[in-house]
Amino acid sequence: MNETVNVKITSNENINYPIFIGDNLLSDIEYYLKTYVNADKYFIVTNKTIYKIYKKYLNIKNSKVLVLNDGEKYKNLDTYNKIINSAAKCNINRTDAFIAFGGGVIGDMTGFCASTYMRGIKFVQIPTTLLSQVDSSIGGKVGVNTNMGKNLIGNFYQPKLVLADISTLNTLDLRNLKTGLAEVIKYAFIQNSINNQQNINNLLFNYLQENKKHIYDLDKTTLINVVKNCCCLKRDVVIQDEKEKGLRAILNFGHTFGHVIENLTNYSKYTHGEAIVYGMKFALNLSYNIGLISQDYLNTSLNLINDYNLINKKLPKFKFSNIINTMQIDKKVEHNKLRFVLNNENFMVSIINDIDIDDIKNIYNLMIS
Ligand code: NAD
Ligand code: GLY
């Protein structure tokens, strides 16, 4: 039961690409490349961990593979140089394509390289983590980190094809499965803001409440459903607002405080998803505190997050001034106002630009008490 989601961005040179979601798609990798990309040569970028497991699928005609070290700490300009120089040594040119084979780190870096190599060549996303299948491989945000900030250098650059093979999730460790699930739960809270309608019959929130066991058992049909649902939601955001001029910012639900946690712990103690779990709880409590949602809505929402048992680490104690300073240098600050994506009832959210620092302090104190 394979699924296809098409991304068509009419405002931008008629960008139009398919996302294929299914089980064991990698066995047909050459067919998908030939049919939807048709490049002369392929430059595949992956890392050591993934290469060890999936090497057998990467024996593609007219291709070269670059195997990088594994880790967010390598998502930087040194690795960017390495990828670009290695592609040049392999004589990759404008009729060829880059393939990102891995999680969000590989996808973001490879996409950024593709967007700048020879002023831009085709690229393919083959996401192998749940996070990258539901989020980072779709929508064209690509980039690398610098010492001054995460994803500080980047671009919007859409792939030609996304191939999300859910069988790759069988080899993903539980912690990384959970980090992807945090992003899945994020979509459940923003679902009805995406098409500006209250969809009560097809709620991702209800699906997640009912299918936790199937998800953790890696039931194929359930995973395909979840990935497809999230891809459709992300696609619906991106086609309305590719360059994050407005609506796309709702994808950052849970990210304002989440990024503070990641930043103040040097991106080493918490995965992105773990930080987002605290970020979503923070946003929900703040929404309740300023009267946007009822106690019932708050409780039901927190129950879903807690039920998935996504993190077993405590929220760290930070100096409050560090929290505020970090929020101020994050890209989510506009005109020096603290910007949060906050909940309304019925799985809708709003972007609120002038959050009071005292409210932030109250919620933080509540969460560490
Ligand atoms: P990741 O790419 O670091 O992958 C997590 C770990 O899983 C790594 O050790 C990796 O080697 C391993 N792995 C990957 N696939 C595997 C598989 N099938 N089996 C076994 N191990 C596997 O992390 P991630 O969570 O996929 O992505 C995080 C990155 O994504 C961050 O850099 C974040 O900034 C970025 N991101 C980008 C966007 C976007 O829109 N571009 C959105 C969200 C996150
Ligand atoms: N993950 C946020 C975005 O793609 O905009």
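For the structure given in this document, a descriptive report is provided here. (Residues numbered from 1 in each chain as written. Chains lettered and ligands numbered in written order. Predicted model: local features only at pLDDT ≥ 70, side-chain atom pairs only at ≥ 80, totals over all residues. Heavy atoms only, no water.)

The number of helices and strands found in the protein is 14 helices and 11 strands. In terms of overall size, the protein behaves like a compact globule, its C-alpha atoms giving a radius of gyration of 20 Å where 369 residues would be expected to give roughly 21 Å. Along the three orthogonal principal directions, the C-alpha set of the protein runs to about 60 × 45 × 40 Å. Long-range contacts, defined here as pairs at least 24 residues apart, represent 71% of the contacts in the protein between residues at least 6 apart. (Helix = DSSP H or I, 4+ residues; strand = E, 2+ residues; numbered from the N terminus. Rg over C-alpha atoms; globule rule 2.2 N^0.38 Å. Contact = heavy atoms within 4.5 Å.)

With that settled, consider the site of ligand 2. Every residue near ligand 2 is listed here: Asp 135, Lys 141, Lys 234, Glu 244, Arg 248 and Leu 251. A distance of 3.1 Å separates a nitrogen atom of ligand 2 from a polar side-chain atom of Asp 135. Here ligand 2 has 200 Å² of accessible area as a free molecule, and 87% of this is covered by the chains. Looking at the shell around ligand 2 residue by residue, the class counts come to 1 nonpolar, no polar and 5 charged. (Near = heavy atom within 4 Å. Polar contact = N/O pair within 3.5 Å; in protein donor to acceptor, adjacent residues only side chain to side chain. Areas by Shrake-Rupley, 256 points an atom, 1.4 Å probe, with all protein chains shown as cover. Nonpolar A, V, L, I, M, F, W, Y, C, P; charged D, E, K, R; others polar.)

A side chain of one charge can pair with a side chain of the opposite charge if their charged atoms are brought near each other. Evaluation of the coordinates by the stated rule reveals 14 salt bridges. For Asp 217, the salt bridge identified is with Lys 213, shortest N-O distance 2.5 Å. With its nearest N and O atoms 2.6 Å apart, the salt bridge here joins Arg 235 to Asp 236. With relative accessibility at 18%, the residue Arg 235 sits in the buried group. Of the residues examined, Asp 236 reaches a relative accessible area of 14% and is grouped as buried. Taken together, the salt bridges that share partners define one network made up of Asp 135, Glu 183, Lys 186 and Lys 234. (Salt bridge = Lys/Arg side-chain N within 4 Å of Asp/Glu carboxyl O. Buried < 20%, exposed > 50% of the residue type's maximum accessible area, 1.4 Å probe, protein only.)

What follows is about unusual backbone geometry. One non-glycine residue, Asn 91, lies in the positive phi region at around 55 degrees. Following the sequence through the fold, Asn 91 ends up in the loop between helix 3 (77-89) and strand 5 (97-102). For Asn 91, a relative accessible area of 56% puts it in the exposed group. Even without being a glycine, Asn 346 presents a positive backbone phi close to 60 degrees. Assignment of secondary structure puts Asn 346 in the loop between strand 10 (340-344) and strand 11 (348-352). A residue is classified by how much of its surface remains accessible, and Asn 346, at 36% relative accessible area, is partly exposed.

Where helix 10 (residues 255-264) contacts helix 13 (residues 320-329), the axes come no closer than 9 Å and their chain directions differ by 110 degrees. In terms of axis orientation, helix 10 runs roughly perpendicular to helix 13. Note that helix 10 runs across helix 13; the crossing there is right-handed. For the pair formed by helix 10 and helix 13, the contact residues are Thr 256, Phe 257, Val 260, Asn 263 and Leu 264 on the first element and Asn 322, Ile 323, Thr 326 and Met 327 on the second. (Axes fitted to C-alpha atoms, helices over the stretch in contact; angles between N-to-C directions. Parallel < 35°, antiparallel > 145°, perpendicular 65-115°, else oblique. Left-handed = near helix turned anticlockwise from the far one by under 90°.)

Let us look at the site of ligand 1. Around ligand 1, the surrounding shell holds 26 residues, and the nearest of these are Asp 70, Glu 72, Thr 128, Thr 129 and Thr 171. The separation between an oxygen atom of ligand 1 and a polar side-chain atom of Lys 75 is 2.8 Å. The backbone of Thr 168 places a nitrogen or oxygen atom 3.0 Å from a nitrogen atom of ligand 1. Protein coverage of the free-state accessible area of ligand 1, which is 860 Å², stands at 88%. It is helix 2 (residues 48-54) that contributes the most residues to the shell around ligand 1, 4 residues altogether. Grouping the constituent residues of the shell around ligand 1 by class yields 6 nonpolar, 12 polar and 8 charged.

With respect to the secondary-structure elements, Thr 271 resides in the loop between helix 10 and helix 11 (272-289). Side-chain polar atoms of Thr 271 contact the side chain of Thr 179, separated by 2.8 Å. Once you skip the residues sitting within four places of it in the chain, Thr 271 turns out to touch Arg 175, Thr 179 and Glu 262.

Further remarks concern the pairing of strand 8 (residues 149-156). Strand direction decides the pairing type here: strand 7 (residues 141-146) and strand 8, joined by 5 bridges, are antiparallel. Opposite Lys 141, over in strand 8, you have Phe 156 as the bridge partner. Once strand 7 ends, the chain turns through 2 residues before running back antiparallel as strand 8. (Pairing = 2+ DSSP bridges.)

Judged by pairing direction, the sheet is mixed, and its 7 strands sit side by side in the order 1-2-9-6-5-3-4 without closing on themselves. Either end of the sheet is taken by a strand with one partner, and the two such strands are strand 1 (3-9) and strand 4 (63-68). Between one strand axis and the next, the sheet turns by 15 degrees as a mean value, whatever way the strands run. Strand contacts of helix 3: strand 3 (42-47), strand 4 and strand 5, with the helix running at about 160 degrees to strand 4, the strand carrying the most contacts.

With that out of the way, let us pick up the environment of Leu 233. Along the chain, Leu 233 turns up in helix 9 (residues 220-238). Judged by relative accessible area, Leu 233 falls into the buried class, the value being 7%. Measuring from C-alpha to C-alpha, the distance between Leu 233 and Ile 194 comes to 7.0 Å, with 39 residues separating the pair along the chain. Setting aside anything within four residues of it in sequence, one finds Leu 233 in contact with Tyr 187, Gln 191, Ile 194 and Leu 204.

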